[in-house]
Amino acid sequence: MTATPGATPTIVLVGHGMVGQRFLEALAERGLTATHRVVVLCEEPRPAYDRVQLTSYFSGKTPEDLSMTDMEFIKTHGIELYVGDPAQTIDREARKVTARSGLVVDYDVLVLATGSYPFVPPVPNKDAEGCFVYRTIEDLLAIEAYAKAKAKVGAVVGGGLLGLEAAGALKGLGLTSHIVEFAPRLMPVQVDEGGGAALLRTIEDMGLSVHTGVGTQEIVTDESGAVTGMKLSDGSELATDMVVFSAGVRPRDQLARDCGLAVGERGGITVDEQCRTVSDPHVFAIGECALAADGRVYGLVAPGYEQAETAAATIAADEAAFTGADLSTKLKLLGVDVASFGDAHGTADGCLDVVYSDSRAGLYKKLVIGRDGTLLGGILVGDAEAYGTLRALTGSVPPVAPESLVLPAGAGAGAQLGPSALPDDAIICSCHNVSKGTIRGAVTDHQCTTVPEVKKCTKAGTGCGSCVKVLGQLVTAELEANGVVVDKGLCGCFSQTREELYEIVLALRINTYQDLLDRYGRDEARGGDGCEICKPAVGSIIASLAPTIGASGYVLDGEQAALQDSNDHFLANLQKNGSYSVVPRIPGGEITPEGLIVIGEIARDFGLYTKITGGQRIDMFGARVEQLPLIWARLVDAGFESGHAYGKALRTVKSCVGQTWCRYGVQDSVRMAIDLELRYRGLRSPHKLKSAVSGCQRECAEAQSKDFGVIATANGWNLYVGGNGGATPRHADLLAQDLSDAELVRLIDRFLMFYIRTADRLERTSTWLERIPGGLDHVRDVVVEDSLGICEELESLMAAHVANYADEWATTINDPEKLARFVSFVNAPDTPDPVVGFVPERDQIKPDLPLLSIGMRPAEEVLEGSAQR
Amino acid sequence: MTLAPETTDLKIQLRLDSPEGDWFTVCDLNRLVPGRGVAALLPDGRQVALFRDRKGELYAIDNRDPFGGAAVLSRGLIGSHQGRPFVASPLLKQRFDLLDGRCLDDETVRVATYEVRTA
Ligand code: SRM
Ligand SMILES: Cc1cc2nc3c(=O)[nH]c(=O)nc-3n(C[C@H](O)[C@H](O)[C@H](O)COP(=O)(O)OP(=O)(O)OC[C@H]3O[C@@H](n4cnc5c(N)ncnc54)[C@H](O)[C@@H]3O)c2cc1C
Ligand code: SF4
Ligand code: FES
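Definitions and cut-offs
- Residues numbered from 1 in each chain as written.
- Chains lettered and ligands numbered in written order.
- Predicted model: local features only at pLDDT ≥ 70, side-chain atom pairs only at ≥ 80, totals over all residues.
- Heavy atoms only, no water.
- Pairing = 2+ DSSP bridges.
- Helix = DSSP H or I, 4+ residues; strand = E, 2+ residues; numbered from the N terminus.
- Axes fitted to C-alpha atoms, helices over the stretch in contact; angles between N-to-C directions.
- Parallel < 35°, antiparallel > 145°, perpendicular 65-115°, else oblique.
- Left-handed = near helix turned anticlockwise from the far one by under 90°.
- Contact = heavy atoms within 4.5 Å.
- Buried area = accessible area lost by both parts, 1.4 Å probe.
- Salt bridge = Lys/Arg side-chain N within 4 Å of Asp/Glu carboxyl O.
- Polar contact = N/O pair within 3.5 Å; in protein donor to acceptor, adjacent residues only side chain to side chain.
- Near = heavy atom within 4 Å.
- Areas by Shrake-Rupley, 256 points an atom, 1.4 Å probe, with all protein chains shown as cover.

### Points about the sheet that holds strand 2 (residues 23-28) of chain B
All names here are of chain B.
Okay, so step 1: One open sheet accounts for 3 strands, arranged 2-1-10; its pairing is antiparallel. Single-partner strands in this sheet number two, and they are strand 2 and strand 10 (116-118). Looking at each pair of strands side by side, their axes are set apart by 30° on average, direction ignored.

Put into structure tokens, the structure is as follows:
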């Protein structure tokens, strides 16, 4: 760039948003911060932060977490950053910028990165108290304060990407939320009609009210001028306490207009392919305020980053051009995956759609295919698993038939295309424009061996994060291809997998953790204290093999006590305020009236909150640590045992009422459920184990969602394995049919022991079954056909467990030394923890949470609820 | 309970941050299982989490989990990372260095530490 010889040329950046910050990084990478004075005028009261993740503030991120500005970076590069001091005027003749504080800076190069402002439709009372926009951290703080102080209902104007985020945030704040969208469907820009329908259904199922095809005509206020509702174009009125406008954004080009720079008809500072304004070679515009050479204003961060790179390159006199960008997006809105990529609306000539739609499940997938078979774009709603791969394949002919790419996995033809199918020039991270080739290069040429290293090296995955999964797969594939042994070790202490450790413990009869760590741990971990990952994992292996390897079967004995996760250590489940819940075992869900009365009396006497669980038993919450032994003494006395709700162990075997009462039942499902629950109780495993027994094919016990589920047939029992509820539900697979009682039990013995032996830590049977080579067929070979010849051993391991079972709570209350740990304070055993407090709710108690942020309060204020009467 | 006499005599003491820097006696050393912690109440109402590692070293940090708010750090699992001892909170598993109280998973967070000795 031109500059007076001798003087240091100055670059002035107006706007320190996401793109502005990226521009500074690009300057630094090109060495321009060393040769130039760089001055930044930042309007907001804080330096650049991650606007894309704005909504995560409501899930606990602090403004500090969102920051994208490393002050160390600003300092080392000598950047002069003026926070809270916006540019007010530009004198292009004299090449001077004046800021609000009166600061005047001469520039050689001026870069405008002023972003956009939220568009508020000109409806009457749009500025009333209770009306907000959704763009900055300050907006969020204001929305949160108002919602907490005086709102129960909130409405969002605009059902686009940001509107849905805003509505989700209002819902998260506890408000009843409405979305008012003028277009006939949600997210009109990204999705088509079919996608909109799937999205609508899912969003409505979440309890948000959606009003499409109606406009906002007026904001209604009360005498004080605060919002009370809004009038809609269909004549109806919607009562609401606050309104958030999210009806699109407009480029902030006023500063540019005022100094005579050309702007587009619908706004945006007109720039050429180098991001230089068409009116003045000394001025650039990048990000959301720029009208790019292809005639578009981009409202996404990835194109803005590319513009920042282009401007920096041009200033450094390198060749670069921004000619347009892809509008692909993947979002997780209110927990629904929505993605669109490439030519999502199918505007190309002669293109055809391949659509899979299941509105019942809220699924919609569409691929746009060109006449020659090229994948041009697509829309995914409800399941965007394949987004990373499909986006990268856009522009090429996919290696498999397009219909197999949209069918759900398991629907016969469903093909999962791995990232290995992608060409090297496929863009994996579109936020930072990183290709598959670059990622492979990071592994091969730059010796990166982990995803964090590759992220640092290439920037891939550090934007919206939607490519991280594919990134991980690529890194692993590349390392394996290079013959690098990927570290599959359990944790920083052991290089072995859980399965390998199990084999070591079993074969060598190693029965203490320290012995295992000192002999088989990584060199640097030997002699140390291990970590929170391997201790419980090894503790679990020792517990499930206890009788066989000569360890105590009681998990609080000796060293084992130090290995247990905190819940197992107190044989109860820790709650958010430091109190515990108590879950006695109720095998098969069958309980006598006397049993119910005992539980009721105990809960009443200790003031506990009671709830029927999803596992057909009763949970009592709010016990203080020192009350656990008193409560259990009474439960054990009445014949109850630990329900292991705290352990990675068998939880419940649910049952339906079955043949005994039900007119459809064909077997006694209750008896079988009780038998199974009693047989496998106390069995420690890699993750929790759940089961259920249904009396006929109607399946009232939901056995097919369990780790091992049993359904009665006219001839016996069908055994299903690998089912799961939770976040990734999976229907169980049929392992064997029409089994007799004895055959059923023997097969479950083998199945469980094979799982415990070979699964990873915290791997449910469902993920295990999908992971192990050969899958269900292999498991069937091993446990039904005994192809490995280990079934006898598996059965004898289970027999040893069953023979040695003892209720751990009964053992504990009979051991004074063990009881000593059940106190809040070692030096004040009679003083309860004052942080544990409760307040009333619906005739019971709940944890007093505001208290937690304060931390302490005088003991006498504590609700009497949990004191024994 | 049978206890070896030489350990019953040893008491765990904490240095209070009062101007006098008094040592406050908490409990017998043998109340601490190696690899685990206990909570203690200070005269001013604050709570301390005390730990003992397998080599017998003692550590003391504030008992409150700064993320969740509950006073439960004493119930976490301890471990060592690159030679430094840490405790993992039983609530959401953030780890805290037992020597300087720094959170290993969020450098902006730190809990108080206390000087501890046996006498
Ligand atoms: C109490 C209960 C909810 C209720 O009020 O009904 C519950 C409560 C908890 N569940 Fe659950 N789950 C409960 C039934 C279920 C069910 C329904 C069922 O069992 O039929 C499921 C889905 C079925 C399944 O597991 O496949 C369920 C899936 C989960 C998951 C997800 C597991 C997964 O594989 O994705 C977790 C998280 C985990 O274990 O990692 C979880 C974890 C938890 C934890 C342990 C979370 C925690 O660490 O604090 C909760 C502890 C409860 C406590 O403190 O006592 N809970 N949880 C239910 C206890 C049942 C029981 O009697 O033992
Ligand atoms: C809630 C939300 C979610 C989003 N989600 C996504 C997403 O998932 N994916 C995606 O790609 N994009 C998303 N976006 C859009 C993305 O945030 C923007 O594209 C990106 O921030 C644009 O960067 P920018 O630097 O051009 O503008 P901004 O980040 O807005 O920065 C411009 C800055 O310039 C300042 N400024 C303006 N005038 C002046 C002046 N005269 N003097 C000094 N400073 C001035 C402004 O105060 C502002 O701080 C989202 C936006 C929001 C609000
Ligand atoms: S599963 Fe069959 S036997 Fe059991 S309750 Fe339902 S209908 Fe009756
Ligand atoms: S695509 Fe957004 S971070 Fe990679």
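Right, picking up where we left off after that structure.
### Overview of the pairing of strand 6 (residues 77-81) of chain B
Residue and element names in this part refer to chain B.
Okay, so step 1: Note that strand 6 and strand 7 (residues 84-88) share 5 bridges and pair antiparallel. Along strand 7, the bridge assignment pairs Gly 79 with Phe 86.
Okay, so step 2: The antiparallel pairing of strand 6 with strand 7 creates a hairpin that spans 2 residues between the two strands, and Gln 82 there sits at a positive phi of about 45°.

### What about the packing of helix 20 (residues 593-606) of chain A against helix 21 (residues 628-637) of chain A?
Residues and elements named next belong to chain A.
Okay, so step 1: Contact pair helix 20 / helix 21: the axes reach a minimum separation of 10 Å and the direction vectors enclose 160°. Between helix 20 and helix 21, the angle falls in the class roughly antiparallel. Helix 21 is crossed by helix 20, and the crossing has right-handed handedness. Residues Ile 599, Glu 601, Ile 602, Asp 605 and Phe 606 of helix 20 form the contact with helix 21, whose participating residues are Leu 630, Ile 631, Arg 634 and Leu 635.

### Brief notes about the interface of chain B and chain A
Okay, so step 1: Taken together, the contact between chain B and chain A spans 35 residues of the former and 43 residues of the latter.
Okay, so step 2: In total, chain B and chain A occlude about 3,100 Å² of area from one another, counting both sides; carbon and sulfur atoms represent 54% of this.
Okay, so step 3: On inspection of chain B and its partner chain A, the count reaches 2 salt bridges.
Okay, so step 4: Applying the counting rule to chain B against chain A returns 17 residue pairs in polar contact (both at pLDDT 80 or more).
Okay, so step 5: Of all the secondary-structure elements, those providing two or more residues to the side of chain B that touches chain A are strand 2, strand 3 (36-41), strand 6 and strand 7 of chain B.
Okay, so step 6: Considering each element in turn, the side of chain B that touches chain A owes the most residues, 5 residues, to strand 3 of chain B.

### Here's the deal with the site of ligand 2
Residue and element names in this part refer to chain A.
Okay, so step 1: As a structural note, the neighbourhood of ligand 2 is formed by 29 residues, with Glu 43, Glu 44, Arg 135, Glu 288 and Val 301 the closest of them.
Okay, so step 2: At a separation of 2.9 Å, an oxygen atom of ligand 2 approaches a polar backbone atom of Val 19.
Okay, so step 3: A distance of 2.9 Å separates an oxygen atom of ligand 2 from a polar side-chain atom of Arg 51.
Okay, so step 4: Taken by itself ligand 2 offers 990 Å² of open surface, and the protein chains cover 95% of this.

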